[in-house]
Structures are given as C-alpha cells and as structure tokens.
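# Working through the structure, step by step
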Amino acid sequence: CAEGYEPLHPWIRCTRQGSINVWDPDIACIRKCTKSIIWNLSIQLSPGKRYYGTGERVSVKCRDGYEASEASITCVRQDSARRSVWSPEPRCIEIKQKRVESSSDSLSLTLSCNKGDCESIWDAKATCQEASECVSSCEPAPSDALCRIEDQWRVQEATITCSSLQPFTQYHVTIRSKSTNHPVYSVMVTTNATVPDAPEFGTNNDIPKDRTISWKRLSDCKGVIQGYQLNIAAWRDYNKTFHEAHLVRVSSSVTTYTMGKPGTNYSVEIRGFTAAGLGAPQTRTFSTDISEIKQKREIGRA
C-alpha cells in the first residue's frame, strides 16, 4: 500500500469463481492512524512519528496546565470505514487554580475544571511534601502530610486540604491521577508563620554581676524573628517605696540587655515575636550587686 496506508488483509488468495479467477478477500488498503489536526500542539504522542499501524499503543502527554484524559491510546481498525482510529479518543483537560489559603499548620488549594472534562480524574489523589530540608533546630516534618480532596470535581472544582504541617515552611503540593499516576497539577505553597517558642536565657544569668542578662537567639523556624520584648519589674527590699516597671523592645540581632540600677531586684520576662505576634515567655528573677550603692554612700559621707 502507499505511504500512510496498510493492507486491510495481510494475505489474499486467488480463487476460482465460475469462469474467472478473483482475489479473496478483496484487495484493499486502509488509512493508518495519525496525529489529528484538531489536537494542534496540545497533545503529544510517544513515540512520535507520522503514521501508526493497527495495534500500536502510544503514550499521551499534554502541555503544562493540562491533564491527559488517557495515559495511553491504541490504534484500532475500523473496517466499516476502511480506516484506523485511536481508541479511546484522547483529550487534554485544563486545570485552573482558583484559590490558595494557608494557616500555620494547614493549607488548602482549590482547582477548577471545565464541566464534563474532569470526570476522568475524579479519583485524583494529593500529596504535600516539604520542599526543602528544615534547619537543624527545627522539628522535622513528615515526608508526606495528610491531604484529602473534597467535592471530587462534582461542581467543576475541587478543594485539596493538607493538615499536620509545620509553620513557615514551603511545601510542594502535587495532584496525581490515581488511574495513571500522572501529575495533574503542582504548586508551591508556604504555610503561615506562628508565634515562637520561649527564649532560653544564657548560662550567666543567676546573678549577673555586670547587671547584663543574655539570651540565646531564636531560630526562624516558626517565622522570621522580628525582635524581643522584655517586661521588666524592679523593686528593693530595703526601700519599700521603690518600684518600677518597664516594657522594652529590641531588634532580633540583640541578645543582651543591661539593667540600669545596682542593688535592685529584677524580674525579667522575655518573649520573641514574629509577624504572628508574641511568643511564649521565659522569666528570670535576680538581684544586682548592692556594693556600688554602698560605695557611693561612703564617698558621700567622706
């Protein structure tokens, strides 16, 4: 047969019908399968070539943002029409992102699809995987978070919800078809920041001789540390009329603070804060050295 065609029957026999010889069955060529013109560039076949014979099976792939209705198709013979056709007929289904919402421990992604086109991926499944390794001071996240798909495309859209996530962490959400395991859609989503843990005081803060306290810098695992807030209460056992209270905020690069007065009892509550607000408190009570006040009194009497 000519290029693009193949024999309807691989063998024919010359037989006698009455007084003449004829071919049985009739000589006929049928058209091979080709890539349809109406597919344009949206559907790609693998392996790619110009013509496909009866029984050839090929993989189907769509461009980004689209999902193939079938992972593979087969060229089958349609004897009545004297041609071969693809079965099943492939389609590329467009998936659109409508909304992304996130909290510190969960996220939701809403996708839409043209009516009737999404039935082939009703059974889609979702995975939510941490995109990068967390720093060593952060708690490790599970490799795959718990995700579920709601609505199952019945109203032309579906919402994928992932829970039990780590705060302020970038996740790679991938939607795959259960039947083909082919990625339908993927997107990067970052969970919201939350309040930080309580800071740890330095090891020299039981009785700071230089009236300076220090603390360890908080990590940015739960959100970028914007600074620290110190609630300072001061009093003196030998002077019941003395009582002071201060609220001090310092930048995230500061990890020390010097108290102003010697011979004073201090209670210091320190909290870190992110964009989500103040974190858990850590409190330390101590007294500054009174000898400086005694020296000043002796100098005054002299």
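Residues numbered from 1 in each chain as written. Predicted model: local features only at pLDDT ≥ 70, side-chain atom pairs only at ≥ 80, totals over all residues. Heavy atoms only, no water.

## A short note on the pairing of strand 18 (residues 227-236)
What counts, and what does not: Categorising residues by exposure relies on relative accessible area from a 1.4 Å probe, with only protein chains included: less than 20% of the type maximum marks a residue as buried, more than 50% marks it as exposed, and the intermediate range marks it as partly exposed. Comment: elements are numbered from the N terminus, with helices defined as DSSP H or I runs of at least four residues and strands as E runs of at least two. Two strands form a pair only when DSSP identifies at least two bridges running between them.
Of all ten residues in strand 18, seven are buried, a share of seventy percent or more. Bridge count for strand 18 against strand 19 (residues 239-251) is ten bridges, and the pairing is antiparallel. What sits directly across from L230, in strand 19, is V248. Note that strand 18 and strand 21 (residues 265-274) share nine bridges and pair antiparallel.

## Topic: the state of the cysteines
Here a disulfide denotes a covalent bond joining the sulfur atom of one cysteine to the sulfur atom of another. To keep it simple, the criterion reads: Cysteine sulfur atoms that come within 2.5 Å of each other are treated as a disulfide pair.
Inspection of every chain in the model, using the stated rule, returns three disulfides. At a sulfur-sulfur separation of 2.2 Å, the disulfide partner of C33 is C75. On the sign convention where negative means left-handed, the S-S torsion of about 90° between C33 and C75 marks this disulfide as right-handed. Placement of the pair is C33 in the loop between strand 4 (29-31) and strand 5 (43-46) and C75 in strand 8 (residues 72-78), with a sequence separation of 42 residues. By relative accessible area, which is 2% here, C33 ends up buried. Residue C75 is classed as buried on the basis of its relative accessible area of 1%.

## Quick word on unusual backbone geometry
Leaving glycine out, the prevailing phi sign among residues is negative, and the prevailing peptide bond configuration is trans. For the bond from D24 to P25, the omega torsion is -5°, close enough to zero to count as cis. Its place among the elements puts P25 in the loop between strand 3 (20-24) and strand 4. Phi at S164 takes a positive value of approximately 60°, unusual for a residue other than glycine. For S164, the position within the fold is in the loop between strand 14 (157-163) and strand 15 (170-176). We classify S164 as exposed; its relative accessible area is 53%. The phi torsion at F168 lies on the positive side, around 50°, for a residue other than glycine. Secondary-structure assignment places F168 in the loop between strand 14 and strand 15. Classification of F168 as partly exposed rests on a relative accessible area of 36%.

## A short note on the environment of T283
Spelled out, the test is: In what follows, residue pairs with any heavy atoms lying within 4.5 Å of each other are defined as contacts.
Looking at where T283 falls in the secondary structure, it is placed in strand 23 (residues 282-287). Apart from residues no more than four positions distant in its own chain, T283 is found in contact with F201, S267, V268 and E269.

## Points about the packing of aromatic side chains
The line we're drawing: Stacked, edge-to-face and tilted are the three classes for Phe, Tyr and Trp ring pairs, Trp counted by its six-membered ring, which pair at centre distances within 6.5 Å; planes under 30 degrees apart are stacked, over 60 edge-to-face, the rest tilted. In this scheme, Lys NZ or Arg CZ marks a charge over a ring once it lies within 6 Å of the ring centre and within 35 degrees of the ring normal.
This model, assessed by the stated rule, comprises three aromatic pairs. Judged by centre distance (5.2 Å) and plane angle (65°), the ring pair of Y52 and W86 falls under edge-to-face. Of the two residues, Y52 sits in the loop between strand 5 and strand 6 (57-62) while W86 sits in strand 9 (residues 83-87), which places them 34 residues apart along the sequence. The same class applies to Y52 and to W86, which are both buried. If you follow R236 out to its NZ or CZ, it ends over the ring of F242, 4.2 Å from the centre.

## A short note on the pattern of salt bridges
Using the following cut-off: Salt bridges are identified by distance alone: a Lys or Arg side-chain nitrogen within 4 Å of an Asp or Glu carboxyl oxygen.
Scanning all chains against the criterion turns up seven salt bridges. Where E200 meets K216, a salt bridge forms, and the shortest distance between an N and an O atom there is 3.5 Å. Here E200 is found in the loop between strand 16 (183-190) and strand 17 (212-214), whereas its partner K216 is found in the loop between strand 17 and strand 18, with 16 residues between them in sequence. For E200, a relative accessible area of 47% puts it in the partly exposed group. Residue classification places K216 among the partly exposed residues on the basis of a relative accessible area of 47%. The partner of K261 in a salt bridge is E244, and the shortest N-O contact between them spans 3.3 Å. One end of the pair, K261, is in the loop between strand 20 (256-258) and strand 21; the other, E244, is in strand 19, with 17 residues separating them in the sequence.

## As for the confidence of the model for the protein chain
Here is the rule: As a per-residue quantity, pLDDT reports the predictor's confidence and falls between 0 and 100.
Residues at a pLDDT of 70 or more form 78% of the protein chain, whose mean pLDDT is 81. Segment residues 133-137: pLDDT under 50, and four contacts once partners within four positions in sequence are set aside and those in other chains are kept.

## Remarks on the environment of G260
Mapped onto the elements, G260 comes out in the loop between strand 20 and strand 21. The spatial distance from the C-alpha of G260 to the C-alpha of T288 is 9.6 Å, given a sequence separation of 28 residues. Contacts of G260, omitting those with residues within four sequence positions, involve R211 and Y266.

## Topic: the side chain of T110
Inspection of the secondary structure assignment puts T110 in strand 11 (residues 107-113). Each residue touching T110, except ones within four places of it in the same chain, is listed here: K96, Q97, K98, R99, E157, A158 and T159.

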